[in-house]
Amino acid sequence: MWTCPKCGRTFQKQNQGHFCGKAPDSIDAYIMAQPEYTQEYLRAVRNAIRTALPEAEERISWSMPTFWKEHNIIQFAGFKKHIGLYPGPEAVEKFSAQLKDYKTSKGTIQFLYSSPLPLKMIADIALWCSQTGNHP
């Protein structure tokens, strides 16, 4: 167990990424609170999803940027070495052939900062989640 020295919360993993205190109230605030080297990647993911889902509302849910329309459609978040995309398990299964070069788990896809972001695929996944009703 590890306890954050800033906020006092306890986590299973050492140096677990989290927000100390109040969650951000907008995606802009979320991105600005992240380390500078991650912000460009986060903006690119946001823009890819926003372009695919122009009618979706941007929200913060579970302290993560979320695109919403009657339900959470897709979420993303910045971490130390990657961006996590949360389209749900059905999307990960549907796009499994295209995701073979990325780390995935049930409902989650990791895009390392050391590799180019597959923005077209991210947009396609978001659109698929919206059109099918499959969501996190």
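Preceding this section is the structure that the text describes.
From a predicted model like this one, the values you see are computed outputs, not experimental measurements.

Basis of the calculations
- Residues numbered from 1 in each chain as written.
- Predicted model: local features only at pLDDT ≥ 70, side-chain atom pairs only at ≥ 80, totals over all residues.
- Heavy atoms only, no water.
- Core = buried A, V, L, I, M, F, W, Y, C linked by side-chain atoms within 4.5 Å.
- Buried < 20%, exposed > 50% of the residue type's maximum accessible area, 1.4 Å probe, protein only.
- Helix = DSSP H or I, 4+ residues; strand = E, 2+ residues; numbered from the N terminus.
- Contact = heavy atoms within 4.5 Å.
- Salt bridge = Lys/Arg side-chain N within 4 Å of Asp/Glu carboxyl O.

## Things to note about the nonpolar core
And step 1. Within the largest apolar cluster, 33 residues are counted, with the highest numbers of intra-cluster contacts made by Ile49, Leu53, Ile74, Leu85 and Ile125.
And step 2. Sorting the residues of this core by element identifies α1 (27–32), α2 (36–52), β4 (64–68), β5 (72–78), β6 (82–86), α3 (89–94), β8 (108–112) and α4 (119–132) as the ones contributing at least two each.
And step 3. With 7 residues, α4 is the largest single contributor of residues to this core.
And step 4. Setting aside chain neighbours within four positions, we find Ile125 in contact with Ile74, Pro87, Ala91, Phe95, Leu99 and Ile109.

## Concerning the pattern of salt bridges
And step 1. The full count for this structure, using the stated rule, is 6 salt bridges.
And step 2. The salt bridge partner of Glu58 is Arg46, with a shortest N-O separation of 2.7 Å. Here Glu58 is found in strand β3 (residues 57–61), whereas its partner Arg46 is found in helix α2, with 12 residues between them in sequence.
And step 3. Take Glu58: its relative accessible area is 27%, and that puts it in the partly exposed class.
And step 4. One salt bridge connects Glu57 with Arg59, and the closest N-O pair in it is separated by 2.9 Å.
And step 5. The class for Glu57 is partly exposed, based on a relative accessible area of 38%.

Geometry only, nothing functional implied.
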